There are 2 protein chains.
Amino acid sequence: MEKSDNEEREQRILDAAADLFVHYGYDKTTVDDIARQAGVSKGAIYLHFKSKDELFEGLLVRETMVYHEKWLQLIDADPKGGTIGGMYKNVLYALNSSPFMSAMFRRDGRVLGNYLRKPNNFFRRQNQSTRYEFVKMMQDAGAIRQDIDPKIIAHIMNMLAYGLVAMDEIMAAEFIPPADDVIEGIAEIMDRALTPDDGGNNEAGKAILRQISEAGRQQFEQMNNQNEREPK
Amino acid sequence: MEKSDNEEREQRILDAAADLFVHYGYDKTTVDDIARQAGVSKGAIYLHFKSKDELFEGLLVRETMVYHEKWLQLIDADPKGGTIGGMYKNVLYALNSSPFMSAMFRRDGRVLGNYLRKPNNFFRRQNQSTRYEFVKMMQDAGAIRQDIDPKIIAHIMNMLAYGLVAMDEIMAAEFIPPADDVIEGIAEIMDRALTPDDGGNNEAGKAILRQISEAGRQQFEQMNNQNEREPK
DNA sequence: TTGTGACTGATTTGTCGTATTTGGTCATAT
DNA sequence: ATATGACCAAATACGACAAATCAGTCACAA
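Quick notes on the rules
- Residues numbered from 1 in each chain as written.
- Chains lettered and ligands numbered in written order.
- Predicted model: local features only at pLDDT ≥ 70, side-chain atom pairs only at ≥ 80, totals over all residues.
- Heavy atoms only, no water.
- Least-squares fit on C-alpha atoms with pLDDT ≥ 70 in both.
- Helix = DSSP H or I, 4+ residues; strand = E, 2+ residues; numbered from the N terminus.
- Buried < 20%, exposed > 50% of the residue type's maximum accessible area, 1.4 Å probe, protein only.
- Lys, Arg positive; Asp, Glu negative; His and termini not counted.
- Salt bridge = Lys/Arg side-chain N within 4 Å of Asp/Glu carboxyl O.
- Contact = heavy atoms within 4.5 Å.
- Buried area = accessible area lost by both parts, 1.4 Å probe.
- Near = heavy atom within 4 Å.
- Polar contact = N/O pair within 3.5 Å; in protein donor to acceptor, adjacent residues only side chain to side chain.
- Nonpolar A, V, L, I, M, F, W, Y, C, P; charged D, E, K, R; others polar.
- Arc of directions from axis to C-beta.
- Domains from an automatic or database assignment.
- Axes fitted to C-alpha atoms, helices over the stretch in contact; angles between N-to-C directions.
- Parallel < 35°, antiparallel > 145°, perpendicular 65-115°, else oblique.

**Structural notes on the relation of the copies chain B and chain A**
Mapping one chain copy onto the other needs a rotation about an axis and a shift along that axis.
Point 1. If you rotate chain B by 180 degrees and push it 0.0 Å along the axis, it lands on chain A with an RMSD of 0.0 Å. Both chain copies can therefore be described as sitting about a two-fold axis. Taking C-alpha positions as the reference, the residue of chain B nearest the rotation axis is A193 of chain B, at 2.5 Å.

Right under this line is the structure:
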């Protein structure tokens, strides 16, 4: 066995790391800081993670999983979760509710620091947008009108997500409307613009969603393993 | 008379400056570089502009005017220029066609360099989005449906414009669809989602547009004068 | 009057040696 | 076995000084 199996402690470490990385950034956060905040010794951290890098990537993995689970759950619970607007709305809520994921999505230089310089980091090895698959399948399931290129829709969705988490880099916060209102507005626009003329199929949309979700998680796990196999 | 009235030379200087600032950024572009590229002496530049800062701001003013003129013209020439999608499409085309304006819009740190640190720079003194006025008036003119908050629409439009010029900061260029296709996609979505049920009023839209345009230019001139009155 | 480019003072950049911090290890304690 | 924190090599930050660069000026030329 490589790593410690003290799951609860590992979570405490990751919790502390998330807080500190978001607040102080990768560079200014020391392993000692994380240990202190998590209430464990420094050595204990190295029982869970081989290096600071891998701790960071472990956090990235956990947060990504939590994020995916969260929007899936929100959509499941939402009566309108089967429409394209209803889905995307909950994706945005999930993204916006996690400061760490938001920082990752916008490639926040302050938060990521030197991690971005690493030769084989997460962002370098991620290739294509997963959003395209999502839109394509939604379209095939009849939740999005046919006469429109899914690649473009996927990209516009990415633009909106980026805008949601990054507009404060070009505008004073006081001029940015509340995120909830913006998200609801986006959902309304998406529904109006992309729902097929027959009104779409709410239930089919939700059904296909679970498939996508499962496939996405598998792909993610795979990429993560791939990582660990790579030489340092 | 403060400045030289050799208008043609001033334009040559600004042309050279635009090229160099976009390519090398504010810091790496020297006044000597600009003089050389414009084919004038360094002294001549100071016959037109008090300082490098003011040269930069002069460029900002010119490019902003050109940009506004360009989208106005495009909309005027576009048969569908009176719909919200038709309008916004041409605004995005104009923005995307100017590397300098694109860099300004995304507050490109490489291009702006130390100019951003100046205590009273352009970005610090600009307050509210002009896009809100635009949307509000379009709505009053009946080109946008009433049952939707113009502040939110305006902000979403800003998000999309930002996405258009800034997505390459978080994605490899090869995964970004052609800008034209993205713009057309956005226009289609806007039209579908925001046109009133009665189909809107194309001509009224165009008419009101000219008013907005004129008001916008006046406001801009005013802000620009305000700037020159401010102490250094 | 209009334009030039050599000149200058201030700022920036580069260098290098020293002090401090920090990621990671491991002998020791529990 | 499991966990700790003192310890070490490597990286980073700092300071002081030298060298280079550059924005802006001005005596002179056209």
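**A look at the side chain of R9 of chain A**
Point 1. Within the fold, R9 of chain A resides in helix α1 (residues 7-28).
Point 2. Among buried charged residues, R9 of chain A stands out as having no salt bridge; its nearest opposite-charge side chain is E8 of chain A, 6.8 Å away.

**Brief notes about the environment of V182 of chain B**
Point 1. Locating V182 of chain B in the fold gives a position in helix α11 (residues 179-194).
Point 2. Classification of V182 of chain B by relative accessible area gives buried; the value is 1%.
Point 3. Each C-alpha atom, one on V182 of chain B and one on K89 of chain B, is 9.7 Å from the other, the two residues being 93 residues apart in sequence.
Point 4. Those residues in contact with V182 of chain B that sit more than four places away from it in its chain are I152, H155, I156 and M159 of chain A together with L164 and P177 of chain B.

**Observations concerning the interface of chain B and chain A**
Point 1. Each partner contributes residues to the interface: chain B has 36 residues there, and chain A has 36 residues.
Point 2. Of the roughly 3200 Å² buried where chain B meets chain A, counting both sides, 76% is carbon and sulfur surface.
Point 3. Taken as a group, M159, Y162 and I170 of chain B account for 21% of the area that chain B buries against chain A, more than any other trio of residues on that side.
Point 4. The interface formed by chain B and chain A contains two salt bridges.

**Remarks on the protein's contact with DNA strand D**
Point 1. Around DNA strand D, the surrounding shell holds 14 residues, and the nearest of these are R9 and S41 of chain A together with V31, K42 and K52 of chain B.
Point 2. Taken together, the sugar and phosphate atoms account for 64% of what DNA strand D places within 4 Å of the protein.
Point 3. K42 of chain B places a side-chain nitrogen or oxygen 2.6 Å from a base oxygen of DNA strand D.
Point 4. Residue assignment for the surface near DNA strand D shows that the elements contributing at least two residues are α3 (42-48) of chain A together with α3 (42-48) of chain B.
Point 5. A per-element tally of the surface near DNA strand D places α3 of chain A first, with three residues.
Point 6. Class assignment of the residues belonging to the surface near DNA strand D gives a composition of four nonpolar, seven polar and three charged.

**Here's the deal with helix α9 (residues 131-140) of chain B**
Residues and elements named next belong to chain B.
Point 1. Here α9 has its buried residues at R131, Y132, F134, V135, M138 and Q139. Viewed along the axis of α9, the buried residues span an arc of 160 degrees, placing them on a single side of the element.
Point 2. The positive-phi residue at the C-terminal boundary of α9 is G142, with phi of around 85 degrees.

**Focus: the environment of K80 of chain B**
All names here are of chain B.
Point 1. For K80, the position within the fold is in the loop between α4 (52-77) and α5 (84-97).
Point 2. Residue classification places K80 among the exposed residues on the basis of a relative accessible area of 58%.
Point 3. Here K80 is in contact with G86 and N202, once residues within four sequence places are set aside.

**Digging into the domain arrangement of chain A**
All names here are of chain A.
Point 1. Examined at the domain level, chain A breaks down into domain 1 (1-50) and domain 2 (71-226).
Point 2. Put simply, the middle of domain 1 and the middle of domain 2, counted by C-alpha atoms, are 29 Å apart.
Point 3. Counting from both sides, the interface comprises six residues of domain 1 and, opposite them, nine residues of domain 2.
Point 4. For the pairing of domain 1 and domain 2, the buried interface totals around 620 Å² over both sides, and the portion due to carbon and sulfur atoms is 59%.
Point 5. Ranking the residues of domain 1 by area buried against domain 2 places V22, Y26 and D27 at the top, with a combined share of 72%.
Point 6. Between the two partners, domain 1 and domain 2, sit zero salt bridges.
Point 7. For the pair domain 1 and domain 2, the interface holds three residue pairs in polar contact (both at pLDDT 80 or more).
Point 8. Of the residues contributing to the side of domain 1 that touches domain 2, the split by class is three nonpolar, two polar and one charged.

**Focus on the packing of helix α10 (residues 150-166) of chain A against α11 of chain B**
Point 1. Running from N to C, α10 of chain A and α11 of chain B point in directions that differ by 80 degrees, and their axes come no closer than 10 Å. Put simply, α10 of chain A runs roughly perpendicular to α11 of chain B. Counting all contacts with α10 of chain A, which are made through I152, I153, H155, I156 and M159 of chain A, the residues of α11 of chain B involved are D181, V182, G185, I186 and I189 of chain B.
Point 2. Of the residues assigned to the contact of α10 of chain A with α11 of chain B, the class counts are seven nonpolar, two polar and one charged.

**Points about the pattern of salt bridges**
Point 1. Tallied over the entire structure, the rule returns 30 salt bridges over all chains.
Point 2. Of the charged contacts in the structure, one is a salt bridge between D147 of chain B and R192 of chain A, with a shortest N-O distance of 3.4 Å. In this pair, D147 of chain B sits in the loop between α9 and α10 (150-166) while R192 of chain A sits in helix α11 (residues 179-194), so the two residues belong to two different chains.
Point 3. Classification of D147 of chain B as partly exposed rests on a relative accessible area of 46%.
Point 4. Looking at R192 of chain A, the relative accessible area reads 32%, which means it is partly exposed.

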